[in-house]
Amino acid sequence: MTVYAGSFAVSWTREKDTGVRLLQREQELNRFFSDVEKRALRIAEIALRNRDDALDIVQDAMLKLVRNYAHKDSAEWTPLFYRILQNGVRDYLRRKIVRNKIMVWFGGASNEENDYDPIAAAPDPRGRTPEEHLQTGEAMQQLELAVAALPGRQREAFMLRTFEGLNIAATAVAMGVSSGSVKTHYFRAVHALRDALGEHWS
Amino acid sequence: MSDEKDIVNSGDEDLLSSQAKTLFEESVQNLDAATRSRLTQSRHQALAEIAAASTGGSWNQWLPVAGVAAATVIAVVLWRGEPQMDELIPPAAASDFEILLDQEEFEMLQDLEFYSWIDFDDEPGANVG
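Residues numbered from 1 in each chain as written. Chains lettered and ligands numbered in written order. Predicted model: local features only at pLDDT ≥ 70, side-chain atom pairs only at ≥ 80, totals over all residues.

1. As for the overall build of chain B
Scanning chain B from N- to C-terminus turns up eight helices and zero strands. Reading the helices (α) and strands (β) of chain B from amino to carboxyl end gives α-α-α-α-α-α-α-α. Across the 129 residues in chain B, those meeting the buried criterion constitute 9%. (Helix = DSSP H or I, 4+ residues; strand = E, 2+ residues; numbered from the N terminus. Buried ≥ 20, exposed ≤ 12 C-beta atoms within 10 Å, placed from the backbone.)

Structure below.
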């Protein structure tokens, strides 16, 4: 009887510890997502030029981080989260290219796609209200267009380094490339943006 | 975080990056309430996975065992199950059909009236009177 009682006590204590650890982990993840989610959304949105799709990709990244990396040290979450996010963005853009090719092949490309002009769309690319448009400002519109026009890797390097503030090592993890590659992409991105925005930003 | 940044940045790039960062943060702060709400919902949905894993793990881990057990029970039933007697006896309509199709019974069909009379004759008391 004593043995049974002892084993029950050990089992209960273990379950209690596990429950406490899970609760702590959940709180840590909640803080992490609260801190990172809005910037992640804007980073995805600038790359995709679509808020709804960006929200879906951020949500997907959150779920994948919880399912696959919740047990990892919280210091590793930021690059892992952005790696998942960037993979989601790349997959989305790849699917979009294929979809557009198929639409062109069957001659069914919508007028919206054919007539799409990023410069013409610049004043209101996300359908924001005039108040929001004024708040964000023309400079941000130009920056978004210029960043969106960068090659994929340069865009990722610039946004992760500048917008999210990741260092080179963390950016390399998030992009799945070497540190040297990050430096190169970032250097080219900054110079391309300076060329594109220089006249507006000087 | 920015310790390596100066490796590739000259003054112009630093200025551009800091301007870009300021604008970006401003746009993040100006996200509308609906978008913030959707982000919060997404976060809660993701965090619910942890709770689900902690509560659902106890029964989820038995799913493979339950599957194997169910498959075993079905296999045993199929292996040991004997056919019922009524499955071995052909239905009456089938036996009649066989009789009718038999070549030797064609004569019986031709003399159906005679056999009816015989059948009637065999009944007790049929020929009385």
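2. Here we look at the packing of helix α2 (residues 51-69) of chain A against helix α3 (residues 77-105) of chain A
Residue and element names in this part refer to chain A. Orientation of α2 relative to α3, taken along the N-to-C sense of each, is 135°, at an axis distance of 9 Å. What the angle tells us is that α2 and α3 run oblique. The crossing of α2 and α3 is right-handed. Residue-level contacts link D53, I57, V58, D60, A61, K64, L65 and Y69 of α2 to W77, L80, F81, I84, L85, G88, V89 and Y92 of α3. A breakdown of the residues in the contact of α2 with α3 according to their chemical character gives twelve nonpolar, one polar and three charged. (Axes fitted to C-alpha atoms, helices over the stretch in contact; angles between N-to-C directions. Parallel < 35°, antiparallel > 145°, perpendicular 65-115°, else oblique. Left-handed = near helix turned anticlockwise from the far one by under 90°. Contact = placed C-beta atoms within 7 Å. Nonpolar A, V, L, I, M, F, W, Y, C, P; charged D, E, K, R; others polar.)

3. Considerations on the interface of chain A and chain B
For an interface, size is often stated in terms of accessible area lost upon the parts coming together. Opposite the 42 residues of chain A that make contact, chain B presents 32 residues. Residue assignment for the side of chain A that touches chain B shows that the elements contributing at least two residues are α1 (2-48), α2, α6 (130-136), α7 (138-148), α8 (152-163) and α10 (179-201) of chain A. Take the side of chain A that touches chain B: its biggest share by element is 13 residues, from α1(A).

4. What to know about the confidence of the model for chain B
Detailed reading of the predicted coordinates is not advisable wherever pLDDT is low. Residue and element names in this part refer to chain B. Across chain B, pLDDT averages 70, with 44% of residues at or above 70. Per-element mean pLDDT across chain B ranges from 46 in helix α1 (residues 5-8) up to 87 in helix α2 (residues 11-29). Both scores are available for the predicted complex, with the pTM at 0.63 and the ipTM at 0.76. (pLDDT = per-residue confidence, 0-100.)

5. Observations regarding α7(A)
Of the positions making up α7(A), those classed as buried are M140(A), L143(A), E144(A), A146(A) and V147(A). The buried residues of α7(A) occupy an angular sector of 165° when projected down its axis, which confines them to one face. (Arc of directions from axis to C-beta.)

6. Comments concerning unusual backbone geometry
The phi torsion of most residues other than glycine is negative, and most of the peptide bonds are trans. Residues and elements named next belong to chain A. Non-glycine residue R49 carries a positive phi angle of around 60°. Of note, R49 is situated in the loop between α1 and α2. Judged by C-beta crowding, with 16 C-beta atoms within 10 Å, R49 ranks as partly exposed.

7. Here's the deal with the nonpolar core
Residues and elements named next belong to chain A. Grouped together as the largest cluster of nonpolar side chains are 49 residues, with contacts concentrated most on A44, V58, A61, L85, V147 and F158. Element by element, the count of residues in this core is highest for α1, at nine residues. Counting contributing residues, this core receives three or more from each of domain 1 (1-116) and domain 2 (126-202). Sequence-distant contacts of A44, that is, excluding residues within four places in its chain, are made with A54, I57, V58, L85 and V89. (Core = buried A, V, L, I, M, F, W, Y, C linked by C-beta atoms within 7 Å. Domains from an automatic or database assignment.)

8. Topic: the packing of α3(A) against helix α9 (residues 168-175) of chain A
All names here are of chain A. Axis separation between α3 and α9 bottoms out at 7 Å; the angle between their running directions is 40°. Taken together, the axes of α3 and α9 lie oblique to each other. For the element pair α3 and α9, the recorded crossing hand is right-handed. When α3 is examined against α9, the residues T78, P79, Y82, R83 and Q86 are found in contact with a partner set consisting of A170, V173, A174 and M175. Here the contact of α3 with α9 is built from residues that sort into six nonpolar, two polar and one charged.

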